[in-house]
Amino acid sequence: MTQVISPVAVAGAEREPAGGGHLPRKLVITNRHSARFVVRLMVRRAVRRRRRIGIGGPDAGMTTSEYAVGTLGACAVAAALYKVATSAAVMDALHAALDRALHAT
């Protein structure tokens, strides 16, 4: 099955490349194989561009470890608050306040 799609210009084809050189030619998509080729070409160009400008450098995974450390810290604070809230002194104070509130006249 042949699927014909109207001619498609690669994004930025009308602009001159930043580093000089030749102008990219327009790519024509005539079937799904040429569409795959265009997609692969655009992905390769995007990957090369990201490498060239340094996006995702050596500390690209740093945020994941920061979230992990923050989560562990939050769990530690929650555990400490739980221990304080369930201690005998706090429970006695809560029971006393509740008794006073319920038996007030």
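This text goes with the structure placed above it.
This is a predicted model, so every value here is computed, not measured.

1. A closer look at the overall build of the chain
Inference 1: The helix and strand tally for the chain stands at three helices and zero strands.
Inference 2: Starting at the N terminus, the α and β elements of the chain follow one another as α-α-α.
Inference 3: Out of the 105 residues in the chain, the part that is buried amounts to 8%.
Inference 4: For the chain, the exposed area adds up to about 9200 Å²; of that, 63% sits on carbon and sulfur atoms.

2. A few points about a nonpolar patch on the surface
Inference 1: On the surface, Val 39, Val 43 and Val 47 cluster together into a nonpolar patch covering about 230 Å² of accessible area.
Inference 2: For Val 43, the position within the fold is in helix α1 (residues 32-53).
Inference 3: Its relative accessible area of 48% is what places Val 43 among the partly exposed residues.

3. Thoughts on a positive patch on the surface
Inference 1: On the surface, a cluster of positive charge is contributed by Arg 32, Arg 36, Arg 40, Arg 44, Arg 48, Arg 49, Arg 51 and Arg 52.
Inference 2: Checked against the element boundaries, Arg 51 lands in helix α1.

Here is what the cut-offs are and how they apply
- Every chain's residues receive numbers from 1 upward, in the order its sequence appears when written.
- Per-residue local features of the predicted model are confined to residues with pLDDT of at least 70, and side-chain atom pairs are confined, for both listing and counting, to 80 or more; whole-chain, interface and lining totals are unaffected and use all residues.
- Water and hydrogen atoms were dropped before computing side-chain values, which therefore reflect all heavy atoms in the structure.
- Elements are defined by DSSP. Helices are runs of H or I of four residues or more, strands are runs of E of two residues or more, and each kind is numbered from the N terminus.
- Type-normalised accessible area, obtained with a 1.4 Å probe on protein chains alone, sets the label of each residue: buried when under 20%, exposed when over 50%, and partly exposed for intermediate values.
- The method behind every accessible area is Shrake-Rupley, applied with a 1.4 Å probe, and residues are considered shielded solely by the protein chains displayed.
- Nonpolar side chains (Val, Leu, Ile, Met, Phe, Trp, Tyr) within 5 Å and like charges within 9 Å form the patches, drawn only from residues with over 30% relative accessible area and no salt bridge.
- Just to be clear on terms, a salt bridge is a Lys or Arg side-chain nitrogen sitting within 4 Å of an Asp or Glu carboxyl oxygen.
- His is not counted here, nor are the chain ends, while Lys and Arg score as positive and Asp and Glu score as negative.
- For this purpose, a charge sits on NZ of Lys, CZ of Arg, CG of Asp or CD of Glu.

The analysis is restricted to geometry; functional conclusions fall outside its scope.
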